[in-house]
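Geometric and topological summary
In case you want the letters, here they are:
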Amino acid sequence: MALWGDEKENSTKQEVCYKKITGAQLLVRFLESKGVSQLYGIPGAAVLPVYDAVLDGEKIKSYNVRHEQTAIFMADGYYRATGKMGFCACTSGPGATNFLTGLYCAYADSIPLFAVTGQVPRGLIGKDAFQEAPIVEMARPVTKGAYLIQDVRDLPGILQEAWAKATTGRKGPILLDFPLDVQKSEIEIDLDAWLKEEVPEEKAPEASDQEIENVLTLLKNARMPILLVGGGVKLARASKELFDLAELLRIPVVSSLMGKDSFPNDHPLYAGMIGTICHTPLGNKTLLDSDLVINLGGRFADRTTGDLASFTGSRKFIHVNIDPKELNRQVKTDLAIHADLKFFLQKLCARLRQTASSQLAYPWDIEILGLEKKKYSRQTDFDTSPMKPQRAIAELRNYLKRDAIVTHDCGISQILSSQLFEAYEPGTYLITGRAGNMGWGLGAAMAAKLAYPDRQCVNLVGDGSLGMSLADLATAAKHNIAVVIYLLNNSLLGLIRQQQNMYYNKRWISTDLHYNNNEANHYRGIDFVATAKGMGLGAELVQDPNEIGNALERAFLAQRPYLIELTIDPTAMCSVSGDGTLDGIIENI
């Protein structure tokens, strides 16, 4: 099949199918054909042909934001909530460089998205033109693929290759840097035939029969095996298969931070999270009591394992991951399996169903596990003033529906949430893992709400992080994206203040955010309620934890974006490891 008009065909019928289309139009038609329905970004001169093509196509709705970083956070959050590709676009130079943090964030957690940046015309590249930046070179280390499109005739192949890269193997973000003149250039192509063209996809790696037998052998020889759930379970859309495996084996499930919502946190087999920071007491205890750990889609990240000698001990490890580079990278395993998790879990479950249950009986007492979960649970029922963040988080969980989506930024609010907040369904607990971005959660919450308008969507955030996304409250108001911003305001960079208290002899520098606000007549610094109202949101201040439920009721009934500011005890701290081991946790309140 010919693609371009200068390749002559004998069939008149085939020639009729050819049409001229610009590079920008080709990009948009391609994304439309893949089911992309939303664009997040800020138009600028160097990317206007793409925006014009979106307007012409009528299948993709454009949402303009107040900062490019929020646009790419929305594209990221959209995928985490839905499993569908997010699309963002911005202009060249400073617009493009504002995408870099978002690309890094998505790359760190294996999140696919399409980020399109305008670029100066080809003749000006390398000549220090106005708003020219070498964004491809900057972005290459933090993308699955970064392309400078120098010829419109290359675009069909680039788009197909980029989509395949983003969505197969270990997924990741794509950057398309699109010079202005190439966006406007025309290509003659049989568009319908090209869009229907089947592109060979990379075959997902599968566990061999022998590897499945090796897993079974290790399970038969184990006394106290556990399942460790990483973020790869969600990425593989394998939560059902994980549930089936846990029910078949009847062994405890623990999770990393990224795997938290892959398994119902109120299930009798769920023991909790493991780690030196984001953890639960029973999660760590269960890991330390085990003699075989089956890591499903995790990385053995440093904040999950802590001190490796203490973490590994004499226990054995099975590690299953889509990325072979992760195998034996942090922890030397007894069995490393390069496989797609969904296929692996299906195959292992099928094999286990052929095995007599008496061959895989373990001394874990699930009833006792449930009792221990209550015994080791942390206190949340504080009735102090100012309120403890633990109480605020517990009240939020008590009010929300099971399928509510809660997004987080990095900081003490996120850590306390990971330790206290239960997640029940996949894609409902959205968080950045390796990058640990502040300012991420608002964009992610807005994208989740756009995807699921009938579900509760909340950004649980601290005042330090909200300061980094504050301008985009206006985005929520403009587009009437009815998210609830649940603000825990301690007027501090709380996590860093805690480190100053614990490790720097309370030598405080630059971690306080409060100041005397003469206009608002308080010492909390920013008047978040007045700011939100000024942008068009509903907003209120809550200082009594007993009023949180009523405030949430008002927020969700408003059917518009709404900010609830809670004044939080600035002395409150989260529980962390004091010596870098899982059993060295210092319990703080």
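Here goes a summary of the coordinates provided. (Residues numbered from 1 in each chain as written. Predicted model: local features only at pLDDT ≥ 70, side-chain atom pairs only at ≥ 80, totals over all residues. Heavy atoms only, no water.)

Topic: the overall build of the chain
As a reminder, the rule being used: Secondary structure elements follow DSSP: runs of H or I no shorter than four residues count as helices, runs of E no shorter than two count as strands, and numbering proceeds from the N terminus. The size measure is the radius of gyration over C-alpha atoms, and the globule rule it meets is 2.2 Å times the number of residues to the 0.38 power. Exposure categories follow from relative accessible area, calculated using a 1.4 Å probe and restricted to protein chains: below 20% of the type maximum is buried, above 50% is exposed, and the middle band is partly exposed. When charges are tallied, Lys and Arg are placed among the positive residues and Asp and Glu among the negative ones, while His and the ends of the chain are skipped. Where a charge sits is defined by one atom per residue type, namely NZ (Lys), CZ (Arg), CG (Asp) or CD (Glu).
The helix and strand tally for the chain stands at 26 helices and 22 strands. For 589 residues, the compact-globule estimate of 2.2 N^0.38 gives 25 Å, and the C-alpha radius of gyration of the chain, at 25 Å, lies within 12% of that figure. Burial statistics for the chain: of 589 residues in total, 58% are counted as buried. One finds the centroid of the 61 positive side-chain charges in the chain at a distance of 2 Å from the centroid of its 69 negative side-chain charges.

Overview of the sheet that holds strand S5 (residues 113–119)
Under the convention used in this document: The criterion for strand pairing is that DSSP finds at least two bridges linking the strands in question. Under this scheme, a helix contributes an axis fitted over its contacting stretch, all axes are lines through C-alpha atoms, and angles between N-to-C directions fall in the 0 to 180 degree range. Working rule for contacts: check all heavy atoms of both residues, and any pair within 4.5 Å makes them a contact.
The sheet built from six strands is open, its strands ordered S3-S2-S4-S5-S7-S6 with parallel pairing. Sheet topology places strand S3 (61–64) and strand S6 (145–148) at the edges, where each strand pairs with a single neighbour. For this sheet, the mean inter-axis angle between neighbouring strands, taken without regard to orientation, is 20°. With six bridges joining them, S5 and strand S7 (residues 174–179) adopt parallel strand pairing. From the neighbouring strand, Val116 faces S7, where its bridge partner is Leu176. Those strands touched by helix H2 (residues 23–33) are strand S4 (86–90), S5 and S7, and its axis lies near 155° from that of S7.

Some thoughts on empty space enclosed by the protein
The rolling of a water-molecule-sized probe over the atoms marks out the regions of remaining empty space. Defined as follows: Only protein atoms enter the 1 Å grid used here. Points where a 1.4 Å probe fits but cannot escape make up a cavity, open sets with protein on both sides within 12 Å along at least five of seven lines make up a pocket, and a residue lines them when an atom lies within 4 Å of a point. Grid points are joined across faces, edges and corners, and a volume is the space filled by probe spheres set on the points. As a working rule, the residues Ala, Val, Leu, Ile, Met, Phe, Trp, Tyr, Cys and Pro are called nonpolar, Asp, Glu, Lys and Arg charged, and the rest polar, with Gly in that last group.
All chains considered together, the criterion is met by one cavity of 30 Å³ or more. Approximately 40 Å³ is the volume found for the largest cavity. Lining the largest cavity, in full, are Leu492, Gly494, Arg497, Gln498, Asn501, Pro570, Thr571, Ala572 and Met573. Looking at side-chain class alone, the lining of the largest cavity contains four nonpolar, four polar and one charged residues.

Here's the deal with the packing of aromatic side chains
Selection criterion: Geometry of aromatic contacts follows a simple scheme: Phe, Tyr and Trp rings, the Trp one being its six-membered ring, pair when their centres are within 6.5 Å, and the pair is stacked under 30 degrees between planes, edge-to-face over 60, tilted otherwise. Think of it as a cone above the ring: NZ of Lys or CZ of Arg counts as a charge over the ring if it is within 6 Å of the ring centre and within 35 degrees of the ring normal.
Taken as a whole and assessed by the stated rule, the structure comprises twelve aromatic pairs. Arranged with centres 5.7 Å apart and planes meeting at 85°, the rings of Phe300 and Phe317 form a pair that is edge-to-face. Placement of Phe300 in the loop between strand S12 (292–296) and helix H15 (302–305) and of Phe317 in strand S13 (residues 316–321) is noted, with a sequence separation of 17 residues between them. Of the two residues, Phe300 and Phe317, neither departs from the other in class, the shared state being buried. The ring of Tyr79 carries Arg237 above its face, with NZ or CZ at 5.5 Å from the centroid. Across the ring face of Tyr424, the terminal group of Arg402 is positioned such that the distance to the ring centre comes to 4.0 Å.

Quick notes on the layout of surface pockets
What the second largest pocket holds in volume is close to 620 Å³. As for the second largest pocket, its lining consists of 32 residues, and the residues nearest its centre are Lys373, Ser377, Gln419, Leu420 and Glu422. When contributions to the lining of the second largest pocket are tallied by element, the ones reaching two or more residues are strand S11 (270–273), helix H14 (281–289), helix H18 (366–375), helix H19 (389–399) and helix H20 (412–420). A per-element tally of the lining of the second largest pocket places H19 first, with six residues. A class-by-class count of the residues in the lining of the second largest pocket yields twelve nonpolar, ten polar and ten charged.

Describing the nonpolar core
Spelled out, the test is: By nonpolar core is meant a set of buried Ala, Val, Leu, Ile, Met, Phe, Trp, Tyr and Cys residues that side-chain atoms within 4.5 Å join together.
Residues Leu227, Leu245, Leu296, Phe344, Tyr486, Ile564 and Leu566 are the most contacted members of the largest nonpolar core, which totals 91 residues. The dominant element in this core, judged by the number of residues it contributes, is helix H17 (residues 341–353), at six residues. When residues no more than four places from it in sequence are discounted, the contact partners of Phe344 are Ala207, Ile212, Val215, Leu296, Val320, Ile337 and Ala339. If you look at the next biggest cluster of nonpolar residues, it comprises 55 residues, including Cys90, Ala108, Ile481 and Leu537.

A closer look at the packing of helix H13 (residues 239–249) against H17
Spelled out, the test is: Convention used here: angles under 35 degrees read as roughly parallel, angles over 145 as roughly antiparallel, angles from 65 to 115 as roughly perpendicular, and any remaining angle as oblique. Handedness of each helix crossing follows the sense of rotation of the near helix against the far helix: counterclockwise by less than a right angle gives left-handed, clockwise gives right-handed.
Between H13 and H17, the least distance of the axes is 9 Å, while the angle of their chain directions is 30°. Taken together, H13 and H17 sit at an angle that is classed as roughly parallel. Remark: the crossing between H13 and H17 carries left-handed chirality. The segment H13 lies against H17, with Glu241, Leu242, Asp244, Leu245, Leu248 and Leu249 engaging Lys342, Leu345, Gln346, Leu348, Cys349, Leu352 and Arg353.

Quick notes on the side chain of Asp323
Mapped onto the elements of the fold, Asp323 is located in the loop between S13 and strand S14 (335–338). By relative accessible area, Asp323 is classed as buried at 13%.

Comments concerning the environment of Ser256
Mapping Ser256 onto the fold places it in the loop between strand S10 (253–255) and S11. Along the backbone, Ser256 and Gly298 are 42 residues apart, and their C-alpha atoms lie at a distance of 7.3 Å. What Ser256 contacts, discounting residues up to four positions off in sequence, is Leu228, Val229, Gly230, Gly231, Met273 and Thr304.

Considerations on the pattern of salt bridges
Operational definition: By definition here, a salt bridge exists when the distance from a side-chain nitrogen of Lys or Arg to a carboxyl oxygen of Asp or Glu is within 4 Å.
All told, the structure shown has 27 salt bridges when counted by the stated rule. In this structure, Lys240 engages Asp244 in a salt bridge whose closest nitrogen and oxygen atoms are separated by 3.1 Å. Of this pair, Lys240 and Asp244 both sit in helix H13, four residues apart, roughly one helical turn. Relative accessible area serves as the criterion here: at 57%, Lys240 is assigned to the exposed category.

A closer look at helix H25 (residues 528–535)
Short version of the rule: To obtain the arc, one takes the directions from the helix axis to the C-beta atoms.
Looking at H25, one finds that the buried residues are Phe528, Val529 and Ala532. The buried residues of H25 all sit within an arc of 100° when viewed along its axis, so they share a single face. In the core, the buried residues of H25 are packed alongside helix H22 (463–469), helix H23 (473–478), strand S18 (484–489), strand S19 (538–542) and strand S20 (562–567). Looking one or two residues past H25, Gly536 carries a phi angle of roughly 105°, positive in sign.

Here's the deal with the sheet that holds S18
Strands sit in the order S16-S15-S17-S18-S20-S19 across an open sheet of six strands; the sheet is parallel. Two strands close off the open sheet at either side, each with one partner strand: strand S16 (429–430) and S19. Alignment of strand S15 (residues 405–408) against S16, held across two bridges, turns out to be parallel. Paired with Thr407 across the strands is Leu430, a residue of S16. H19 contacts strand S17 (457–462), S18 and S20 of the sheet and is inclined by roughly 165° relative to S18. Those strands touched by H20 are S15, S16, S17 and S18, and its axis lies near 125° from that of S17.

Keep in mind these values describe shape, not function.
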